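Here is what each chain is made of, one letter per residue.
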Amino acid sequence: MNVFRLLMMMLLFLPAAALEPASGKIILTINGKVGEKNTATAAVFDLAMLEKLPQQSFSTKTPWDALPIKFTGPLLRDVLRAAKASGQQIKAVALNDYKTEIPFDDVNQFNMLLAHKMNGQAIPARTKGPLFIVYPYDSKPELQTKPYYERSAWQVKTLSIE
């Protein structure tokens with residue numbers, strides 16, 4: 001057997017990289033149907049962990065701001081993939097206890113961000129931070145409707161996957 005073939009076979013049997021433990025302040029907890037946990041019961045993330053994921057940006061108008069805002073952060077689907085989360089519903093809970101339900105299919109259908117920056121600046125908790133689930137509203141007319149506005153959540157702290 002040649003060396004290349006042997007190395008390829010060995011790579012197939014190596015375990016996938018586990019979700020690293022959070023070393024900074026935990027700003028996001030994903031619980032429920034999660035396949036990759038870094039605590040006994042959940043996948044938790046600090047800001048540095050979220051920043052290591054591929055970052056995306058888009059500008060969009062929102063019903064809460066007069067001018068378009070540039071949002072930056074990982075796609076929500078990338079965050080959920082890091083936790084190996086899958087299910088039918090995502091229940092988002094904010095720091096102020098606002099709750100919303102997001103169909104899991106939305107994360108694959110739309111390029112939703114788990115934004116940690118607005119207009120290039122970190123989002124302070126006293127406004128809409130540190131994390132904001134935002135749809136690219138300007139990309140499709142259907143996203144400029146009440147159901148999608150209500151699925152957005154700022155000050156996100158927990159995602160429960162059902």
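Counting restarts for each chain, with residues numbered from 1 along the sequence as it is written. pLDDT decides what is reported in this predicted model: residues at 70 or higher carry local features, side-chain atom pairs at 80 or more are listed and counted, and totals for whole chains, interfaces and linings draw on all residues regardless. As a rule here, side-chain values come from all non-hydrogen atoms in the structure, and water together with hydrogens is ignored.

Visitor: Could you give an account of the sheet that holds strand β1 (residues 26-32), with specific residues and numbers?
Guide: At least two DSSP bridges between two strands are needed for those strands to be called paired. Secondary structure is summarised from DSSP: a helix means a run of H or I of at least four residues, a strand means a run of E of at least two, and numbering begins at the N terminus for each. One open sheet accounts for 5 strands, arranged β2-β1-β12-β5-β6; its pairing is mixed. Each having just a single partner strand, β2 (43-46) and β6 (99-103) make up the two edges of the open sheet. Sheet twist, expressed as the average angle between the axes of neighbouring strands with direction ignored, equals 20°. Strand direction decides the pairing type here: strand β5 (residues 89-94) and strand β12 (residues 156-161), joined by 5 bridges, are antiparallel. Within β12, the residue paired with I90 across the bridge is I161. Convention adopted: a line fitted to C-alpha atoms gives each axis, helices being fitted over their contacting stretch, and angles between N-to-C directions are expressed from 0 to 180 degrees.

Visitor: Please set out the pairing of β1 residue by residue, giving values where relevant.
Guide: Here β1 runs beside β2; their pairing, made up of 4 bridges, is antiparallel. Pairing of I26 across the sheet is with D46, part of β2.

Visitor: Now, about the environment of T158: what can you tell me, with residues and values included?
Guide: Mapped onto the elements of the fold, T158 is located in strand β12. In this structure the C-alpha to C-alpha distance between T158 and L28, which are 130 residues apart in sequence, comes to 5.7 Å. Ignoring anything within four residues of it in the chain, the contact list for T158 reads L28, T29, N31, K91, A92 and V93. Note on definitions: a residue-residue contact is assigned when non-hydrogen atoms from the two residues lie within 4.5 Å.

Visitor: How would you summarise the pattern of salt bridges if you had to cite specific residues and measurements?
Guide: For this analysis, a salt bridge means a side-chain nitrogen from Lys or Arg found within 4 Å of a carboxyl oxygen belonging to Asp or Glu. Overall, the coordinates contain 9 salt bridges when judged by the stated rule. The network of salt bridges with common partners includes K91, E101 and E162.

Visitor: I'd like a rundown of the nonpolar core, residues and numbers included.
Guide: For the purposes of this section, nonpolar cores are sets of buried Ala, Val, Leu, Ile, Met, Phe, Trp, Tyr and Cys residues that join through side-chain atoms within 4.5 Å. Between buried and exposed lies partly exposed: a residue is buried under 20% and exposed over 50% of the maximum accessible area for its type, with that area taken using a 1.4 Å probe on protein chains only. One finds L28, I30, F45, L80 and L159 to be the most contacted residues of the largest nonpolar core, which totals 43 residues. Discounting residues that sit within four places of it in the chain, I30 has contacts with A42, A43, F45, V79, L80, A83, A85, L159 and I161.

Visitor: Summarise the environment of E101; cite the residues concerned and give the values.
Guide: Within the element layout of this structure, E101 appears in strand β6. By relative accessible area, which is 42% here, E101 ends up partly exposed. Residues E101 and E150, spaced 49 residues apart in sequence, show a C-alpha to C-alpha distance of 8.6 Å. With sequence-adjacent residues up to four places away left out, E101 is seen in contact with Q89, I90, K91 and R151.

Visitor: Got a sec to walk through the sheet that holds strand β9 (residues 121-122)? Specific residues and values, please.
Guide: Ordered in space as β3-β4-β8-β9, the 4 strands form an open sheet in which the pairing is antiparallel. Each having just a single partner strand, β3 (56-60) and β9 make up the two edges of the open sheet. One ladder, built from 2 bridges, connects strand β8 (residues 117-118) with β9; its direction is antiparallel. Residue pairing for β9: K117 is matched across the bridge by A122.

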